Amino acid sequence: MSELDTTDDAPDVGGDGVTVIDTDEPDTTSDKTVVDAAAGDDTPAAESRPSFEDLALAGPARMGLSVVAAFVVFGLFLLANGTDPIEAYQAMWSSITRDANSFGDVLVRTTPYLLAALAVALPARAGLFNIGGEGQLIIGAIGAMAMAEALGQALPRIPTLLFMAVAAMVAAALWAGIAVALRQFTGTNETISTLLCNYLAFLVLGWLVFGSWKDPGATGFPRSRILEDSETLPTLWGRVHIGIVVALVLAVGLWWVLRYSPWGFRLGVLGGNAEAARRAGLGTGRLGASALMAGGALAGLGGMLQFTGVEGQLSPQIMSGYGFTGVLAAWMVRHHPVKVIASSMLLAAIAIGGNGLKIRAGLSSASVNILMALLLLAVLGWGTARARKAA
Amino acid sequence: MLEAILIGAVRGGTSIVFAAVGETVTERSGVINLGVEGSMLAGALTAYAVGIESGSPWLGALAGACAGLALAMVQAFMVLRRRSNQIATGLAVTFLGLGATSLFGQSYVSQGVVAFDAYEIPLLGSLPFIGPILFDHDPLTYLSFAIAPAAWWLLYRTGLGLRIRAAGERPDVLVTMGTSPERVRWIAVAFGGAMAGIGGAQLATAFARTWSEDMVAGRGFVAVALVIFAGWNPLVTVVGAYLFSGAVAFQLELQARGTDISIFVLDAIPYVLVLTVLAALSGRRRFAAPEALDKVFDAETRIA
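Computed from a predicted structure; not experimentally measured.

Cut-off values and rules
- Residues numbered from 1 in each chain as written.
- Chains lettered and ligands numbered in written order.
- Predicted model: local features only at pLDDT ≥ 70, side-chain atom pairs only at ≥ 80, totals over all residues.
- Heavy atoms only, no water.
- Helix = DSSP H or I, 4+ residues; strand = E, 2+ residues; numbered from the N terminus.
- Buried < 20%, exposed > 50% of the residue type's maximum accessible area, 1.4 Å probe, protein only.
- Areas by Shrake-Rupley, 256 points an atom, 1.4 Å probe, with all protein chains shown as cover.
- Lys, Arg positive; Asp, Glu negative; His and termini not counted.
- Charge placed at Lys NZ, Arg CZ, Asp CG, Glu CD.
- Core = buried A, V, L, I, M, F, W, Y, C linked by side-chain atoms within 4.5 Å.
- Contact = heavy atoms within 4.5 Å.
- Expected span 1.5 Å × (residues − 1).
- Arc of directions from axis to C-beta.
- Polar contact = N/O pair within 3.5 Å; in protein donor to acceptor, adjacent residues only side chain to side chain.
- Salt bridge = Lys/Arg side-chain N within 4 Å of Asp/Glu carboxyl O.

As for the overall build of chain B
Counting its regular elements, chain B contains 14 helices and 2 strands. Judged by the C-alpha coordinates and their principal axes, chain B covers about 55 × 45 × 40 Å. Put simply, chain B has 304 residues, and 61% of those count as buried. Surface summary for chain B: the accessible area is close to 10600 Å², and the carbon and sulfur share equals 67%. Of the charged side chains in chain B, 19 are positive and 21 negative; the average position of the first set lies 12 Å away from that of the second.

Focus on the nonpolar core
By size, the foremost hydrophobic cluster in this structure holds 183 residues, and its most contacted members are A:Leu196, A:Met304, A:Leu314 and A:Leu347. The biggest single contributor to this core is helix H10 (residues 190-210) of chain A, with 12 residues. Residue contacts for A:Met304: discarding those within four places in its chain leaves A:Gly140, A:Ala141, A:Ala144, A:Leu161, A:Met164, A:Ala165, A:Ala168 and A:Gly309. Core analysis: the second largest hydrophobic core is formed by 6 residues, B:Val31, B:Ala76, B:Leu80 and B:Val189 among them.

Topic: helix H6 (residues 85-97) of chain A
Residues spaced three or four apart along an α-helix face the same direction, because each turn holds 3.6 residues. Residue and element names in this part refer to chain A. End to end, H6 covers 18 Å across 13 residues, agreeing with the expected 18 Å (1.5 Å per residue, within 8%). Every buried residue of H6 is listed here: Pro85, Ala88, Ala91, Met92, Ser95 and Ile96. Taken around the axis of H6, the buried residues stretch over an arc of 125°, which confines them to a single face. Exposed and facing more than 90 degrees away from the buried side of H6 are Ile86, Glu87 and Trp93. Residues of H6 that are buried sit in contact with helix H5 (59-80), helix H7 (100-125), helix H16 (339-361) and helix H17 (368-382). The N-terminus of H6 is capped by Asp84, whose side-chain oxygen sits 3.0 Å from the backbone nitrogen of Ile86.

Some words on unusual backbone geometry
Note on backbone geometry: most residues besides glycine have negative phi, and most peptide bonds are trans. All names here are of chain A. Phi is positive for Gln153, close to 55°, though the residue is something other than glycine. Within the fold, Gln153 resides in the loop between helix H8 (133-151) and helix H9 (157-186). On the accessibility criterion, Gln153 (38% relative accessible area) is partly exposed. Residues other than glycine seldom take positive phi values, yet His335 does so here, at roughly 65°. Tracing the chain through its elements places His335 in the loop between helix H15 (322-332) and H16.

Topic: helix H11 (residues 243-260) of chain A
Residue and element names in this part refer to chain A. Compared with an ideal rise of 1.5 Å per residue, which puts 18 residues at 26 Å, H11 spans 25 Å between its outermost C-alpha atoms and is within 8% of the ideal. Three or more residues of H11 are buried, namely Gly243, Ile244, Ala247, Ala251, Leu254 and Leu258. End-on view of H11: buried residues confined to an arc of 105°, all on one side of the axis. If you follow the buried residues of H11, they end up packed against H7, strand S1 (235-237), strand S2 (240-241), helix H12 (262-272), helix H14 (284-311) and H16.

Looking at the pattern of salt bridges
Scanning the model with the defined rule gives 10 salt bridges over all chains in all. For A:Glu275, the salt bridge identified is with A:Arg279, shortest N-O distance 2.7 Å. Of the two residues, A:Glu275 and A:Arg279 are both situated in helix H13 (residues 274-279); the distance of 4 residues between them amounts to about one turn of the helix. Of the charged contacts in the structure, one is a salt bridge between B:Asp172 and B:Arg170, with a shortest N-O distance of 3.4 Å. By sharing partners, the salt bridges in this structure join A:Glu149, A:Arg225 and A:Glu231 into a single network.

Now the structure itself:
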């Protein structure tokens, strides 16, 4: 919670915004005292006897221990499956450190994860849950493809890519706009609507790939045509495309915007205390809408970068699970736009390591979802000092 | 055609009925559990595997309920003891279920199944129209007919139900009664997890009769949406579940009969239906949300 943020940026308004969401108990002070007493055998007792909390570990140490614990528990899962955890971790490690290319794969995978995570972190600043990154990535890729089709290689590479990026962001922002509109006009909870929209996005993708965009020459499963060279991202080295640079710049840029721009400040006020924001005349509806749609645009760009930098063609299951991984990455660092770089890279390394697990240890590559989940649980539950204690 | 759709609605909707009714009870206590999707997966694999190993689908269903409950306990512990965010924790629990069933389920992919067979109830089953729709199903489906009224009775006619609702509305009132809202919530989350586990068991051993990775395919998330759709009333939840699976059955029926409409447009119908009804009812049903549950979404509910 906010404790995490105090270590480096004290006036982090958004951190407080997240704190509000975090409580599952009434947060008016009078209620809280009663309910804390209600817990009875829990809170007061924990205060009197020494506990994990009283070790007063500094933020990084606490975080580090939580991460290590997650790895240990995942090892127990592997043991239960009859797999040697040491060998499994060696397989994972070697598949990300074998050579420059394998480390490059981590950077390549970080790109969509990071943008999907920023798509969660930005609306979270305004107190909104966006779990529609999955669909927004897909719609971004679709928007990019639509623009490529419309341009028909009429332009050189750079303008083509710029147009595709803009199309991706606009398409995904409008897609997120569905949830915004449902929220504004009917009061539908955006957590649920963005979640359901993910399934619709995959259906739109299937409709296009099996329909008007189906490559008549493709054998086997339906796919779109392969992108032309002028429609694919330039590479830095090996398979590493410039998308990672774009993603890193945007992460730092978002941090700056949230911290120093008037818009970022207003979002923080909205997330921290919506009532105060309304009384200050901030136009809360439009402000929340802008946050959610800007988040959608970020995810859409992530979809475009993955599509033009890695996939090269649309297929029905493209980027499946990337959006949810972005949610995990954002929550692991409480939506901090710069720290999220680290969590996205960690999850990307685990995902790439999962491929090694599949090849070397014969486990399904989805097994690493356990490790990702454990990491988030460890950080959520033990990564920071218990907030209610401090209060 | 109507009969085929209604049969399909009941057959496909059963797993969602279990999950959604369980989640209704959980949410009435003031906890939202997005881990239902993971609990359903855990229930599906466990029921399938235990069914094969023991030869009894009933033992399988029981084990499935326990597996769903076990995952829900992770949610309960994290949310109630560690005070972690409910939405993020729920997603993590679902990821945990996804990964664990993928890891342990690998050796069970497309093995033979010890399945629940359909049992036609004598006399009732031979009724025209109604018989095949309601009285020619697997035993878990019959159990699902009872589960919503039972949950309703639990919530509105028992002391425990009163405490569950109080925990969801005004936990401080419970405190003055000398009851810990936290303990009540543990029970409600456990119940929801067990129901989701049975729902998953029905999916694997009676409906699909197979195990495949990620076979729940969003049904758990739909169940969570249906709870809101139903205004936190277990009886209405059932209507929502059958409406959703009826829409699925409707589009499958259209596909089977051959239509010019793209299957992807048809596949979208159930989701669009749920979103539309949610949107239509949200404004009016907002007041019906348990008060403590609203607090989960605090920062946002105050924006509109």
